[in-house]
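# Observations on the model geometry
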Amino acid sequence: GAVLIMYDVISIPMQVFDPPETTYRTVMDLGILVFWTLNIVASMMVGYVKNGVTEMRPGKVIRHYLKTWFLIDLIVVAPDWYFTMQSLGSYKSGAESSVRLLRMLRLVRCVRLIRLVKLRWIIAALNDLLVSEYSNIMANIVKMIMMLCFTNHFIACMFYLLGDLQKNSENTWIQEHGFSDAVWEYKYLTAFHWSITQFTPASMHVQPQNIIERTFTILVVVFALVGFSYLVGSITNSLTQLRSMSEDSSKQFWMLRRYLKHNNIPTALHVRIQRYLEHAWQRQKARPSEPKIFGLLSAQLSNELKCARFLPHMKVHP
């Protein structure tokens, strides 16, 4: 699901560049539609957590889904199916309205972006699979970089859309810089390049040419002052955590090497001691201690946790 949401986040805003319809895109869009349709049925079988208790009774699970995500999923899926069938029928019959239906279908698919709300829960579920602090920090850095790229992706598409909508009434950056006849890929890369320059001290020759484009640019710069500072601060904080994780280890082994050298320990024994301690240190780091927060668990959950922890060892000794 997360991969398909990412695909929609990238592909749907790019419709403003009017890319040509290809077999790959048609099959991909149809596959996504089928997946989210089946996801409606699957969501009626997934439990939920209420007041710290996991609810798995089918009746309550279905009622909870109908009261929460069902209407949103239906609003997203139903119009998509309708216009998809209409566009496929028009394409096969060669009707003149096929172009208009394709444009309507692209507009309807913008509703898919509502699923970005679900992405938070999907990311949280993926974070639960990360068992080490190092991998968690690295994942956070990757998430911040991807967030920056997606933000610039949206801004680039908006910047091009503003220019395209005014092409018959105002002089726009598209006309001024000679991009009217350029291929859509080059237009997108140019707009994306412009968007990135608003977040960094870099610059480029593309500049807004009318009041609307200039106003949009000012808003983007103001947003970039806050958003980019937050992203840079988060990445810096993550890198600081990585550095602090290795500082203790480096200090301990530096003291070890200094002690062995000061006492003239033979090289062979020196290497054996250091290799063994490196192995023991890694094993100690891989064995997590019991979190203090476990004290907040209810008696039932605490007993289930102990059972799940010790039962595999007890099965070996019946």
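Residues numbered from 1 in each chain as written. Predicted model: local features only at pLDDT ≥ 70, side-chain atom pairs only at ≥ 80, totals over all residues. Heavy atoms only, no water.

## Looking at the side chain of Asn152
Selection criterion: Where helices and strands are cited, they refer to DSSP runs of H or I of at least four residues and of E of at least two residues respectively, numbered from the N terminus. Counted as a polar contact is a pair of N or O atoms within 3.5 Å, where, for protein atoms, one must be capable of donating a hydrogen and the other of accepting one, and residues adjacent in sequence contribute only when both atoms are in side chains. Here, residues are in contact when the closest pair of their heavy atoms is within 4.5 Å.
Mapping Asn152 onto the fold places it in helix 7 (residues 133-165). At a separation of 2.8 Å, a polar atom in the side chain of Asn152 contacts the side chain of Ser195. If we ignore the near neighbours within four places in the chain, the residues touching Asn152 are Phe192, Ser195, Ile196 and Phe199.

## Quick look at the side chain of Glu213
Let me state the cut-off plainly: Each residue gets one of three labels from its accessible area relative to the maximum for its type: buried under 20%, exposed over 50%, partly exposed in between, using a 1.4 Å probe on protein chains only. For this count, His and the chain ends are skipped, Lys and Arg are scored as positive, and Asp and Glu as negative. One speaks of a salt bridge when a side-chain nitrogen belonging to Lys or Arg is within 4 Å of a carboxyl oxygen belonging to Asp or Glu.
Within the secondary structure, Glu213 sits in helix 10 (residues 211-262). With no salt bridge to any partner, buried Glu213 finds its closest opposite charge in Arg214, at an N-O distance of 7.6 Å. In this structure the side chain of Glu213 is engaged in a polar contact, spanning 3.3 Å, whose partner is the backbone nitrogen of Trp173. Ignoring any residue separated from it by four or fewer positions in sequence, one finds Glu213 in contact with Gly163, Gln166, Thr172, Trp173 and Pro208.

## Describing the packing of helix 1 (residues 2-11) against helix 2 (residues 23-43)
Using the following cut-off: Orientation is described by lines fitted to C-alpha atoms, with helices fitted over the stretch in contact, and by angles between N-to-C directions that extend from 0 to 180 degrees. Angle categories are assigned with fixed cut-offs, so that under 35 degrees is roughly parallel, over 145 is roughly antiparallel, 65 to 115 is roughly perpendicular, and the rest are oblique. Each crossing gets its handedness from the near helix: less than a right angle anticlockwise from the far helix is left-handed, clockwise is right-handed. Residue type decides the class: Asp, Glu, Lys and Arg count as charged, Ala, Val, Leu, Ile, Met, Phe, Trp, Tyr, Cys and Pro as nonpolar, and the leftover types, Gly among them, as polar.
As a packed pair, helix 1 and helix 2 sit with axes 11 Å apart at the nearest point and diverge in direction by 130 degrees. On the basis of the axis angle, helix 1 is oblique to helix 2. Here the hand of the crossing between helix 1 and helix 2 comes out left-handed. Where helix 1 approaches helix 2, its residues Leu4, Ile5, Tyr7 and Asp8 are matched on the opposing element by Tyr24, Arg25, Met28, Asp29, Ile32, Phe35 and Trp36. Here the contact of helix 1 with helix 2 is composed, by residue class, of 8 nonpolar, no polar and 3 charged.

## Some words on the packing of helix 1 against helix 7
Direction vectors running N to C along helix 1 and helix 7 enclose 35 degrees, while the axes themselves pass 9 Å from each other. On the side of helix 1, the interface is formed by Met6, Val9 and Ile10, while helix 7 contributes Met146, Phe150, His153 and Phe154. For the contact of helix 1 with helix 7, the residue count by class is 6 nonpolar, 1 polar and no charged.

## Remarks on the packing of aromatic side chains
A ring pair, where both rings are aromatic, is described by two values, the distance of the centres and the angle of the planes. Convention followed: Whether two aromatic rings pair depends on their centres lying within 6.5 Å, for rings of Phe, Tyr and Trp, where Trp uses its six-membered ring; planes under 30 degrees apart make the pair stacked, over 60 edge-to-face, and the rest tilted.
A complete count under the given rule lists 14 aromatic pairs for this structure. Ring geometry for Phe35 against Trp36: centres 5.1 Å apart, planes inclined by 80 degrees, an arrangement best described as edge-to-face. Classification of Phe35 by relative accessible area gives partly exposed; the value is 33%. A connected cluster of aromatic rings, assembled from ring pairs, spans Phe17, Phe159, Tyr160, Trp173, Phe179, Tyr186, Tyr188, Phe192, Trp194 and Phe216.

## Quick notes on unusual backbone geometry
Unusually for a residue other than glycine, Asp18 sits at a positive phi of about 55 degrees. Topologically, Asp18 is positioned in the loop between helix 1 and helix 2. Of note in the backbone geometry, Asn264 takes a positive phi value of approximately 55 degrees without being a glycine. By the secondary structure assignment, Asn264 is in the loop between helix 10 and helix 11 (267-286). Residue classification places Asn264 among the exposed residues on the basis of a relative accessible area of 67%.

## Quick word on the environment of Tyr188
You can see Tyr188 is positioned in helix 9 (residues 184-199). Assessed through its relative accessible area of 14%, Tyr188 is described here as buried. Measuring from C-alpha to C-alpha, the distance between Tyr188 and Phe159 comes to 9.9 Å, with 29 residues separating the pair along the chain. When residues no more than four places from it in sequence are discounted, the contact partners of Tyr188 are Met14, Phe17, His153 and Cys157.

## Points about a positive patch on the surface
Formally: Exposure above 30% relative accessible area and the absence of a salt bridge qualify a residue for a patch, where like charges join within 9 Å and nonpolar side chains (Val, Leu, Ile, Met, Phe, Trp, Tyr) within 5 Å. Note on areas: these come from Shrake-Rupley sampling with a 1.4 Å probe, and a residue is covered only by the protein chains present in the view. One atom stands in for each charge, and that atom is NZ of Lys, CZ of Arg, CG of Asp or CD of Glu.
Together, Lys50, Lys60, Arg63 and Lys67 make up a region of like positive charge exposed at the surface. When residues of the positive patch are assigned to their parent elements, the largest contribution, 3 residues, is made by helix 3 (residues 58-67).

## Some thoughts on the nonpolar core
Rules: Each nonpolar core is a collection of buried residues, namely Ala, Val, Leu, Ile, Met, Phe, Trp, Tyr and Cys, held together in the definition by side-chain atoms within 4.5 Å.
Counting residues in hydrophobic clusters, the biggest one holds 21 residues, and the most contacted among them are Trp173, Trp194, Val206 and Phe216. Only helix 7, helix 8 (173-176), helix 9 and helix 10 provide two or more residues apiece to this core. Among the elements that take part in this core, helix 7 stands out by supplying 6 residues, more than any other. Every residue in contact with Phe216, bar those within four places of it in the chain, is listed here: Ile155, Met158, Phe159, Leu162 and Trp194. Residues Tyr7, Leu33, Ile40 and Val77 belong to the second largest nonpolar core, which totals 11 residues.

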